[in-house]
Amino acid sequence: MSTAVSSRVTKAVIPAAGLGTRFLPATKAQPKEMLPVVDRPAIQYVVEEAVAAGIDDILIITGRNKRSLEDHFDRNFELEYLLEAKGKMDELGEVVNLADLADIHFVRQGEPLGLGHAVSVARKHIGDNPFVVMLGDDIMTHRPPLISEMMDLHSETGGSVIALKEVPHSDISLYGCAEPGVRDGNVVEFRGVVEKPAPEDAPSDLAVVGRYLFTPRIFEFLENAEPGVGGEIQLTDAMDQLLKVEPMHGLVFDSGRYDIGQKLDFLRATVELTLEREDLAPEFSKFLAKLVVDRGLV
């Protein structure tokens, strides 16, 4: 393992070992990260977001029955041969480019012991470098990528940066919740974080969602973490310990996030991302307009 310290963020960890129980039975035999959104699996959007931010080294944390993730980002010479033989060059370019997006590595978590444990598995690969964590079932459509803004903030502060989104007060129990300090625009000082608090106990309505940028010191606290909420190793517990030794800031955003593990968000992502496609939007828009009228939805 290299001991050279880099301040430039070039590495990403994508945890994708969860069981996807919220989307059963569709996820009984396929990873939730491979559920198609328009014409590509959810995790491809995440990888492409990382690449767009200049990250070229990606480690995907997988588990049992996740082999299709590896296959998706690997070469498939039989398929490539058939596409070339049929003259489908656009499709050929799509599948070949998947293997060249970045240096993509895979490691198994072994047991589903929580997000904190999944991130800890990446320690040898990350070494002494800052890195981003991008949840494999969270699609972010910000342009420029949200993690690019997080990387800029890390360069200014030298500390970890967490993506935050204000959620309805009644929903805060579904998330890690930030205890905020001084706020300047969309940048907020972190003073603490609580995992899935009851609404009456929540220090704010700012939820920790989907994107994290950590210094390598997070691994010190993950290594010694005890099971927390739900009997799992919680990433938020390690974050709370990290706060005691270095600064941490939150970057607040308000739109462009889809939690593909949630059925309504999955459907919303499919509709909204289809409307962004030049090849599909015109006909799909007509269909939606007619559907709204026919169903009396206005």
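A brief look at the structure comes next. (Residues numbered from 1 in each chain as written. Predicted model: local features only at pLDDT ≥ 70, side-chain atom pairs only at ≥ 80, totals over all residues. Heavy atoms only, no water.)

What to know about the overall build of the chain
- When you go through the chain residue by residue, the secondary structure sums to 11 helices and 13 strands.
- In terms of C-alpha radius of gyration, the chain reaches 20 Å, essentially the compact-globule figure of 19 Å for 298 residues.
- Each of the three principal axes of the chain carries a C-alpha extent, and together these read 60 × 55 × 35 Å.
- The burial tally for the chain puts 46% of its 298 residues in the buried class.
- Across the chain, contacts joining residues at least 24 apart in sequence account for 76% of those joining residues at least 6 apart.
- Working note: accessible area of the chain is about 15200 Å², and carbon and sulfur atoms make up 51% of it.
- Side chains of the chain give 30 positive and 49 negative charges; the mean places of these two sets differ by 5 Å. (Helix = DSSP H or I, 4+ residues; strand = E, 2+ residues; numbered from the N terminus. Rg over C-alpha atoms; globule rule 2.2 N^0.38 Å. Buried < 20%, exposed > 50% of the residue type's maximum accessible area, 1.4 Å probe, protein only. Contact = heavy atoms within 4.5 Å. Areas by Shrake-Rupley, 256 points an atom, 1.4 Å probe, with all protein chains shown as cover. Lys, Arg positive; Asp, Glu negative; His and termini not counted. Charge placed at Lys NZ, Arg CZ, Asp CG, Glu CD.)

Quick notes on the packing of helix α10 (residues 263-275) against helix α11 (residues 281-294)
- It is at 8 Å that the axes of α10 and α11 come closest, and there the two elements cross at 130 degrees. Looking at the two axes, α10 sits oblique to α11. On the side of α10, the interface is formed by Val 271, Thr 274 and Leu 275, while α11 contributes Ala 281, Phe 284, Ser 285 and Leu 288.
- Split into classes, the residues belonging to the contact of α10 with α11 amount to five nonpolar, two polar and no charged. (Axes fitted to C-alpha atoms, helices over the stretch in contact; angles between N-to-C directions. Parallel < 35°, antiparallel > 145°, perpendicular 65-115°, else oblique. Nonpolar A, V, L, I, M, F, W, Y, C, P; charged D, E, K, R; others polar.)

Things to note about the packing of aromatic side chains
- Evaluation of the coordinates by the stated rule reveals five aromatic pairs.
- Ring centres of Phe 131 and Phe 214 lie 6.1 Å apart, and the angle between their planes is 50 degrees; this geometry places the pair in the tilted category. Here Phe 131, found in strand β6 (residues 131-134), pairs with Phe 214, found in strand β11 (residues 206-214); they are 83 residues apart in sequence, far enough to count as distant.
- Assessed through its relative accessible area of 0%, Phe 214 is described here as buried.
- Taken together, a centroid distance of 5.9 Å and an interplanar angle of 25 degrees make the contact between Phe 284 and Phe 287 stacked. With Phe 284 and Phe 287 both in helix α11, this residue pair falls three residues apart, about one helical turn. (Phe/Tyr/Trp six-rings, centres within 6.5 Å; stacked < 30°, edge-to-face > 60°.)

Section: the pairing of strand β9 (residues 176-184)
- Relative to strand β10 (residues 187-195), β9 runs antiparallel, the two being bridged by seven bridges. Considered in β10, the bridge of Pro 180 is made with Phe 190.
- Adjacent in sequence and paired antiparallel, β9 and β10 are bridged by two residues, among which Gly 185 carries a positive phi angle near 65 degrees.
- Bridge count between β9 and β11: two bridges; the pairing is antiparallel. Opposite Cys 177, over in β11, you have Ala 207 as the bridge partner. (Pairing = 2+ DSSP bridges.)

Quick word on the pattern of salt bridges
- This model, assessed by the stated rule, comprises 20 salt bridges.
- A salt bridge links Glu 283 to Lys 286; its shortest N-O distance comes to 3.6 Å. One end of the pair is Glu 283 and the other is Lys 286, both in helix α11 and three residues apart, which spans about a single turn. Both residues of the pair, Glu 283 and Lys 286, count as exposed.
- Salt bridges here are not isolated pairs; linked through shared partners, they connect Asp 39, Arg 40, Glu 48, Arg 277 and Asp 279. (Salt bridge = Lys/Arg side-chain N within 4 Å of Asp/Glu carboxyl O.)

Some thoughts on the side chain of Asp 137
- For Asp 137, the position within the fold is in the loop between β6 and β7 (138-140).
- Asp 137 sits in the buried class, given a relative accessible area of 8%.
- Among the polar contacts made by the side chain of Asp 137, one reaches the side chain of Lys 32 at a distance of 2.7 Å.
- Not counting chain neighbours up to four residues away, the residues in contact with Asp 137 comprise Arg 22, Lys 32, Glu 33, Tyr 258, Asp 259, Ile 260 and Gly 261. (Polar contact = N/O pair within 3.5 Å; in protein donor to acceptor, adjacent residues only side chain to side chain.)

With respect to the environment of Glu 166
- Mapped onto the elements of the fold, Glu 166 is located in strand β8 (residues 160-166).
- The residues contacting Glu 166, other than those within four sequence positions of it, are Asp 205, Leu 206 and Phe 253.

Details of the environment of Phe 284
- Measuring from C-alpha to C-alpha, the distance between Phe 284 and Asp 57 comes to 36 Å, with 227 residues separating the pair along the chain.
- Once residues within four sequence positions are removed from consideration, Phe 284 is found in contact with Val 271, Thr 274 and Leu 275.

What to know about the side chain of Arg 257
- Along the chain, Arg 257 turns up in strand β13 (residues 257-259).
- A distance of 3.0 Å separates a polar atom in the side chain of Arg 257 from a polar atom in the side chain of Asp 138.
- Beyond its immediate stretch of four places on either side in the chain, Arg 257 contacts Asp 138, Ile 139, Met 140, Tyr 175, Val 209, Asp 265 and Arg 268.

Interpretation note: all reported values are geometric properties and have no functional meaning in isolation.
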